[in-house]
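For reference, the chains in residue letters:
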Amino acid sequence: MTDTLNPVARLPERLTLHEAAATLQSFQSAVASRAGPVVQVDASALRHFDSSAVAVLLEIGRDLQQRGQSLQVVGLPRRLRDLVALYGVESLLPA
C-alpha cells in the first residue's frame, strides 16, 4: 500500500523541455512498482520549469490511471499551479 505521507518521488529543481524526457522516464520507473490507489509526487523542489513540467505530470497521471491508480501532487509551486490553471487541467492534477 502506498504511504501518501511519503512521496514516491520528488520532482527535480529544474524541469524544462531539456530535462522532460529523462525526468519522465525516471518517474515512470519509480512509480511502476507502487501499489495502492494513490501515488504521491512531491513538486516542492521545483524552481526552474516551463510547461514541460505540466506535461510530465499529466503523462505520469495517465500512466497511473491506466493501472487503476491516481496521482496526487504535493508542494506544487504557485507558478506551476498558475500554469496548470492556464491550461485548464486542474482536475487532472489533484493536490
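Rules and cut-offs
- Residues numbered from 1 in each chain as written.
- Predicted model: local features only at pLDDT ≥ 70, side-chain atom pairs only at ≥ 80, totals over all residues.
- Heavy atoms only, no water.
- Helix = DSSP H or I, 4+ residues; strand = E, 2+ residues; numbered from the N terminus.
- Core = buried A, V, L, I, M, F, W, Y, C linked by side-chain atoms within 4.5 Å.
- Buried < 20%, exposed > 50% of the residue type's maximum accessible area, 1.4 Å probe, protein only.
- Contact = heavy atoms within 4.5 Å.
- Expected span 1.5 Å × (residues − 1).
- Polar contact = N/O pair within 3.5 Å; in protein donor to acceptor, adjacent residues only side chain to side chain.
- Pairing = 2+ DSSP bridges.

Caption draft 1: Layout of the environment of Leu93. The topology assignment puts Leu93 in the segment after helix 3 (78-86). Along the chain, Leu93 and Ser70 lie 23 residues apart, while their C-alpha atoms are 9.3 Å from each other.

Caption draft 2: Just the nonpolar core, in detail. By size, the foremost hydrophobic cluster in this structure holds 28 residues, and its most contacted members are Leu11, Val54, Leu57 and Leu80. Put simply, the parts of the chain that give this core at least two residues each are helix 1 (17-32), strand 3 (38-42), helix 2 (51-66), strand 5 (70-74) and helix 3. When residues in this core are grouped by element, the largest group, 7 residues, is from helix 2. Ignoring sequence-local partners within four residues, the contact set of Leu80 consists of Leu46, Phe49, Ala53, Val54 and Leu57.

Caption draft 3: Here's a closer look at helix 2. Here helix 2 is 16 residues long and its end C-alpha atoms lie 23 Å apart, about the 22 Å a rise of 1.5 Å per residue gives. All buried positions along helix 2 are accounted for by Ser52, Ala53, Val54, Val56, Leu57, Leu58, Ile60, Gly61, Asp63 and Leu64. Buried residues along helix 2 sit in contact with strand 2 (14-15), helix 1, strand 3, strand 4 (48-49), strand 5 and helix 3. Here helix 2 starts with a cap whose side-chain oxygen sits 2.8 Å from the backbone nitrogen of Ser52, and that cap is Asp50.

Caption draft 4: Quick peek at the pairing of strand 5. Taking every second residue as pointing to the same face, the buried face of strand 5 carries Leu71 and Val73, while none of Ser70, Gln72 and Val74 on the other face is buried. Bridge analysis of strand 3 against strand 5 gives 5 bridges, and the strand direction is parallel. Pairing of Val39 across the sheet is with Leu71, part of strand 5.

Caption draft 5: Region of the structure containing the environment of Gly36. Relative to the assigned elements, Gly36 resides in the loop between helix 1 and strand 3. Exposure remark for Gly36: the relative accessible area of 27% places this residue in the partly exposed category. In the structure, Gly36 is positioned 33 residues away from Gln69 in sequence and 7.0 Å away in space, judged by C-alpha atoms.

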